Amino acid sequence: MSKPVSKPESDPAVRTRALESILVEKGLLDPKALDALVDIYEHKVGPRNGAKVVARAWVDPEYKKRLLSDATTAIKELGFSGLQGEDMVVVENTPEVHNLVVCTLCSCYPWPTLGLPPVWYKSAPYRARAVSDPRGVLKEFGTTLSENVEVRVWDTTAELRYLVLPERPADTENLTEQQLADLVTRDSMIGVTTLGSSAPTSASKH
Amino acid sequence: MLLTPDIVSAVASTGASARVAEHVAPRFRVGDRILVRNYNPATHTRLPGYLRGKRGIVEADYGVFAFPDTHAHSLGEKPQHCYSVRFTARELWGETASDRDTLRVDVFDDYMDLV
């Protein structure tokens, strides 16, 4: 008959509210500016931007080359740039390498292409386990990779922001760029899932 | 600078890179084997604790950035290179980790030494 223990430290929402009220009280933050910022990233900018980048890379090999060598500029070509996307790196999934992105120190995330991070991305368990047990985390997202695939974890500790370029699903040769973009999910661009992940990636065509 | 509603849209679309347009000699080159310092400041740092004392290989040089450990405390930008450094899962987590898996972490000049 144990009673539920209160755990304010583990609730990012409570902590965020506390920080916000202190900053407002000290005159360091205008709550209206914060609302305007949240509105932009909740309603105008989001993972559909990243999906357009991925679809373009799938259909245009020259664009993909530019994206992998200078991601910030290539992403800007499609109109996406700004806060938390100033210095971008795109990492490509292949049959040999699966990339997974985490920020163990906080919640760094590429806003112009993915919007604001999901709650689980900011949670302590994801941040701790994505580096120490990435295959266990992937399994919980329904992603099982062959032992032959290298799992490559990117810990966003500095000013670079990372976007995963997922593998193009099989049998999508006849789809338009827009239809391809519709297949791309947020989670696949963080690297916790693959696309068409009902089949293991090791079975994909080489 | 206080963020006000009238400048939010402009700030969001332009951002503010922490890159510093200053020539600073890199302490490391791609391919260098490095040892992360056993560095435990009580103040702000962007060095994750799990890297202390670990060995890795420099994979890429991302260029010159403001150093967060001083910049966050208004102690100057102390511009320096930031690198992508590769660590094996085994180096960080021991023999039970996959011998195939690796990590890439962004590490500043001041966090490491040449082996």
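Predicted model, so just to flag it, every value in this text is computed and none were measured.

Calculation rules
Residues numbered from 1 in each chain as written. Chains lettered and ligands numbered in written order. Predicted model: local features only at pLDDT ≥ 70, side-chain atom pairs only at ≥ 80, totals over all residues. Heavy atoms only, no water. Helix = DSSP H or I, 4+ residues; strand = E, 2+ residues; numbered from the N terminus. Rg over C-alpha atoms; globule rule 2.2 N^0.38 Å. Buried < 20%, exposed > 50% of the residue type's maximum accessible area, 1.4 Å probe, protein only. Contact = heavy atoms within 4.5 Å. Lys, Arg positive; Asp, Glu negative; His and termini not counted. Charge placed at Lys NZ, Arg CZ, Asp CG, Glu CD. Polar contact = N/O pair within 3.5 Å; in protein donor to acceptor, adjacent residues only side chain to side chain. Salt bridge = Lys/Arg side-chain N within 4 Å of Asp/Glu carboxyl O. Patch = residues over 30% accessible without salt bridge, like charges linked within 9 Å, V, L, I, M, F, W, Y side chains within 5 Å. Areas by Shrake-Rupley, 256 points an atom, 1.4 Å probe, with all protein chains shown as cover.

**So, the overall build of chain B**
- Check the secondary structure of chain B and you find 3 helices and 5 strands.
- N-terminal to C-terminal, the α/β element order of chain B is α-β-β-α-β-α-β-β.
- The C-alpha atoms of chain B give 17 Å as radius of gyration, which overshoots the globular expectation for 115 residues (13 Å, by more than 25%).
- For the C-alpha atoms alone, the extent of chain B along its principal axes is close to 55 × 30 × 30 Å.
- Every one of the 115 residues in chain B was classed for burial, and the buried ones make up 44%.
- Taking all contacts inside chain B whose residues are at least 6 apart in sequence as the whole, residues at least 24 apart take part in 63%.
- Put simply, chain B has 14 plus and 15 minus side-chain charges, and the middle of one group is 6 Å from the middle of the other.

**Side note on unusual backbone geometry**
Residue and element names in this part refer to chain B.
- Although it is not a glycine, S74 adopts a positive phi angle of roughly 55 degrees.
- Mapped onto the fold, S74 is located in the loop between α2 (68–71) and β3 (80–88).
- S74 sits in the exposed class, given a relative accessible area of 68%.
- Of note in the backbone geometry, K78 takes a positive phi value of approximately 40 degrees without being a glycine.
- Within the secondary structure layout, K78 lies in the loop between α2 and β3.

**Details of the side chain of D87 of chain A**
- Position of D87 of chain A relative to the elements: it lies in the loop between α5 (71–77) and β1 (88–92).
- You can call D87 of chain A buried: its relative accessible area is 5%.
- Looking at D87 of chain A, its side chain comes within polar contact range of the side chain of R19 of chain B, at 2.5 Å.

**Here's the deal with the side chain of E86 of chain A**
- Inspection of the secondary structure puts E86 of chain A in the loop between α5 and β1.
- Within the buried core, E86 of chain A has no salt-bridge partner, and the shortest N-O distance to an opposite charge, that of R161 of chain A, equals 6.1 Å.
- Here the side chain of E86 of chain A touches Q84 of chain A through a polar contact of 2.9 Å, landing on its backbone nitrogen.
- A distance of 2.7 Å separates the side chain of E86 of chain A from the backbone nitrogen of A16 of chain B, its partner in a polar contact.
- Setting aside residues up to four positions removed in sequence, E86 of chain A forms contacts with T72 of chain A together with T14, G15, A16 and S17 of chain B.

**Here's the deal with a nonpolar patch on the surface**
Residues and elements named next belong to chain A.
- On the surface, L19, L23 and L28 cluster together into a nonpolar patch covering about 280 Å² of accessible area.
- One can find L19 in helix α1 (residues 12–25).
- Accessibility expressed as a relative area gives 51% for L19, which makes it exposed.

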